Amino acid sequence: MIGYDGVQALDVVGPMEVFAMANLYKAGHVAPYELVLSSPAGGSMTCSSAGGICLGNAVALDDLPDDIDTIIVAGGSEDGLRKVIFQTGLIEWLRARAGRTRRLASVCTGAFVLAAGGFLDGRRATTHWNSVALLKQLRPQVDVESDAIFVAEPPIYTSAGITAGIDLCLALVEADCGAQTALSVSRQMVLFMRRPGGQSQFSSGLATQAMATPRLRNLVNEIIEDPIGDLSGPALAIRAGMSERTFSRSFHKETGTTPAQFVEVARIERAKTLLETSDWPLARVAERAGFGSLHALHRAFQKRLGITPGFYRDRFRTG
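Residues numbered from 1 in each chain as written. Predicted model: local features only at pLDDT ≥ 70, side-chain atom pairs only at ≥ 80, totals over all residues. Heavy atoms only, no water.

**Thoughts on the overall build of the chain**
Each helix and strand in the chain was counted, giving 15 helices and nine strands. By the compact-globule yardstick of 20 Å for 319 residues, the chain fits well, its C-alpha radius of gyration being 21 Å. The C-alpha extent of the chain, read off along each of the three principal axes, is 60 × 45 × 40 Å. Expressed as a percentage of its 319 residues, the buried residues of the chain come to 50%. When contacts within the chain are restricted to residue pairs at least 6 apart in sequence, those whose partners lie at least 24 apart make up 63%. For the chain, the accessible area works out to roughly 14,800 Å², and carbon and sulfur atoms hold 53% of it. (Helix = DSSP H or I, 4+ residues; strand = E, 2+ residues; numbered from the N terminus. Rg over C-alpha atoms; globule rule 2.2 N^0.38 Å. Buried < 20%, exposed > 50% of the residue type's maximum accessible area, 1.4 Å probe, protein only. Contact = heavy atoms within 4.5 Å. Areas by Shrake-Rupley, 256 points an atom, 1.4 Å probe, with all protein chains shown as cover.)

**Structural notes on the pairing of strand E9 (residues 156–159)**
Here E9 shows a buried face lined by Ile156 and Thr158 and a second buried face lined by Tyr157 and Ser159. Examined bridge by bridge, strand E5 (residues 103–106) and E9 share three bridges and lie parallel to one another. Within E9, the residue paired with Ala105 across the bridge is Tyr157. (Pairing = 2+ DSSP bridges.)

**Overview of the pattern of salt bridges**
Considering all chains together, one arrives at 15 salt bridges under this definition. Across the salt bridge formed by Glu153 and Arg124, the nearest N and O atoms sit 3.1 Å from each other. Separated by 29 residues along the polypeptide, Glu153 in strand E8 (residues 150–153) and Arg124 in strand E6 (residues 124–125) bring together distant segments of the chain. Residue Glu153 is classed as partly exposed on the basis of its relative accessible area, which comes to 22%. One salt-bridge network, held together by shared partners, links Asp69, Arg102, Arg103 and Asp176. (Salt bridge = Lys/Arg side-chain N within 4 Å of Asp/Glu carboxyl O.)

**Focus: the packing of helix H9 (residues 214–225) against helix H11 (residues 244–255)**
Their axes nearest at 11 Å, the elements H9 and H11 cross at an angle of 90 degrees. What the angle tells us is that H9 and H11 run roughly perpendicular. On H11, the residues touching Leu216, Leu219 and Val220 of H9 are Phe247, Ser250, Phe251 and Glu254. Among the residues making up the contact of H9 with H11, the classes are represented as five nonpolar, one polar and one charged. (Axes fitted to C-alpha atoms, helices over the stretch in contact; angles between N-to-C directions. Parallel < 35°, antiparallel > 145°, perpendicular 65-115°, else oblique. Nonpolar A, V, L, I, M, F, W, Y, C, P; charged D, E, K, R; others polar.)

**Things to note about the sheet that holds E9**
Taken together, the four strands give an open sheet; going across it, the order is E4-E5-E9-E8, and neighbouring strands pair in mixed fashion. The open sheet has two free edges, formed respectively by strand E4 (70–73) and E8, since each of these has just one partner strand. Neighbour-to-neighbour, the strand axes of this sheet turn through a mean angle of 10 degrees, independent of strand direction. Bridge count for E8 against E9 is four bridges, and the pairing is antiparallel. Pairing of Val151 across the sheet is with Thr158, part of E9.

**So, the environment of Met242**
Considering the arrangement of structural elements, one finds Met242 in the loop between helix H10 (233–240) and H11. Relative accessible area serves as the criterion here: at 17%, Met242 is assigned to the buried category.

**Focus: the pairing of strand E3 (residues 54–60)**
When strand E1 (residues 38–39) meets E3, the two strands line up parallel, connected through two bridges. Along E3, the bridge assignment pairs Ser38 with Val59. When strand E2 (residues 43–46) meets E3, the two strands line up antiparallel, connected through three bridges. Opposite Thr46, over in E3, you have Cys54 as the bridge partner.

**Examining the environment of Ala116**
Mapped onto the secondary structure, Ala116 falls in helix H4 (residues 111–116). Residue class for Ala116 comes out partly exposed when judged on its relative accessible area of 32%. Along the primary structure Ala116 and Arg288 are separated by 172 residues, whereas in three dimensions their C-alpha atoms are 42 Å apart. Among residues more than four places away in sequence, those in contact with Ala116 are Ile85, Ile91, Arg95 and Arg139.

**Section: unusual backbone geometry**
When glycine is set aside, most residues are seen to have a negative phi, and most peptide bonds are trans. Here the residue pair Pro154 and Pro155 is connected by a cis peptide bond, since its omega of 10 degrees sits within 30 degrees of zero. Following the sequence through the fold, Pro155 ends up in the loop between E8 and E9. Phi is positive for Ile162, which is not a glycine, with a value near 45 degrees. Along the chain, Ile162 turns up in the loop between E9 and helix H6 (164–177).

**A short note on helix H7 (residues 179–188)**
One turn of an α-helix holds 3.6 residues; hence residues three or four places apart share an orientation. For H7, every residue scored as buried is listed here: Thr181, Ala182, Ser184, Val185 and Ser186. On the buried face of H7, the contacting elements are helix H1 (9–25), H6 and helix H15 (309–316).

**A word on the sheet that holds E1**
Strand order in the open sheet made by the three strands is E1-E3-E2, with mixed pairing throughout. Looking along the sheet, the strands with just one partner apiece sit at the ends: E1 and E2.

**Quick notes on the confidence of the model for the chain**
Counting all residues, the mean pLDDT for the chain is 88, and 92% of those residues have values of 70 or more. Contacts for the low-pLDDT stretch residues 192–207, under 50 throughout, to residues beyond four places or in other chains number 55 contacts. (pLDDT = per-residue confidence, 0-100.)

Printed below as a string of C-alpha cells:
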C-alpha cells in the first residue's frame with residue numbers, strides 16, 4: 001500500500017484492514033497476505049485528515065522487495081497528489097515495477113497517479129464521483145466510468161471514493177481466497193450494512209442533477225423518481241421538448257453520460273433499494289425497477305457492480 005504526505009487515511013487503513021482480516025479467516029496455517037505500507041521516502045506521512053493524523057514506519061519505495069504481488073496507490077488531497085506525481089519519482093518506480101507485478105490498483109483519487117503514468121490509457125477506470133470530470137479532462141485517453149464502485153481491468157484495478165476501496169479489496173480477497181473468506185471478512189467488518197461505497201448514491205443522481213440545466217434537471221429528477229416505463233431516447237426527447245439528436249447531445253454535454261446510461265443507473269438504484277428493503281422475488285424486483293426482464297437485471301448488475309442481484313441482497317439487505 002503506497003501513501004504519501006496528504007494521503008487520505010481511510011484509503012490506506014480500510015483496504016489494509018480487509019487484507020489483515022483475511023489473514024485471520026483464511027483456512028490453513030499460512031496467512032495469504034504480507035502487508036507493507038510504503039511511501040516514496042519511507043518513514044512517517046501526514047494524512048489529509050483534520051488533526052494531523054500521521055502514519056509511521058512506512059518502507060521507502062527503493063527498499064521494497066522485488067517480488068511484490070499487488071501494488072495499491074491510495075488517494076489524497078490535490079496538493080498531495082501533485083507532489084507525489086511530479087516530485088517524488090513514484091511514476092517512474094511504478095513503470096519499472098508494473099511489468100512484474102500481478103496487480104496494480106488505486107483507491108479513490110489514487111487513480112490520478114495511475115493515469116499520470118499512462119497505466120489507464122485505453123482502459124475503463126473510475127475514481128471519486130467528485131473527481132470524475134477532472135480525470136476525464138486531464139486524461140481523455142481513459143474511459144472513465146462515472147458510476148462504478150470499482151472497475152476491474154486486469155491487471156489494473158481502480159475504485160471509487162474512499163470506502164469503495166474496501167469493496168475493491170474485498171473483491172480481491174474473494175478472488176484470492178474464495179467466497180467464504182470474503183464473506184467472513186465482510187461480516188466482521190459489518191460491510192453487509194453498507195452500500196458498495198456510495199458512488200452511485202451521489203454521482204448517478206445528485207451530481208447529474210447539479211450539472212444539468214433546469215430544463216433537463218426536471219427530467220433527471222423524474223427518471224430517478226420513476227425509472228419504469230418507456231425511457232428510450234425518443235420518448236425522453238419528447239418529454240424534454242427537443243429533437244432526439246439535440247436531446248442526446250445536450251444530455252451528454254450537461255451530465256457527462258448518455259440518456260441510456262443514466263436510465264440504467266437509475267434503475268439499478270431502484271433495484272438496490274428494493275433488494276435492501278423487500279423480500280420480493282428477483283423477477284418482481286426487475287419489473288418494479290424498470291428492467292424488461294430478470295436477465296436484464298442480472299446483466300446490469302454484473303456490468304455496473306460486478307455482482308449478482310442475489311449476492312447484493314445477501315450482503316446489504318437491512319430488513
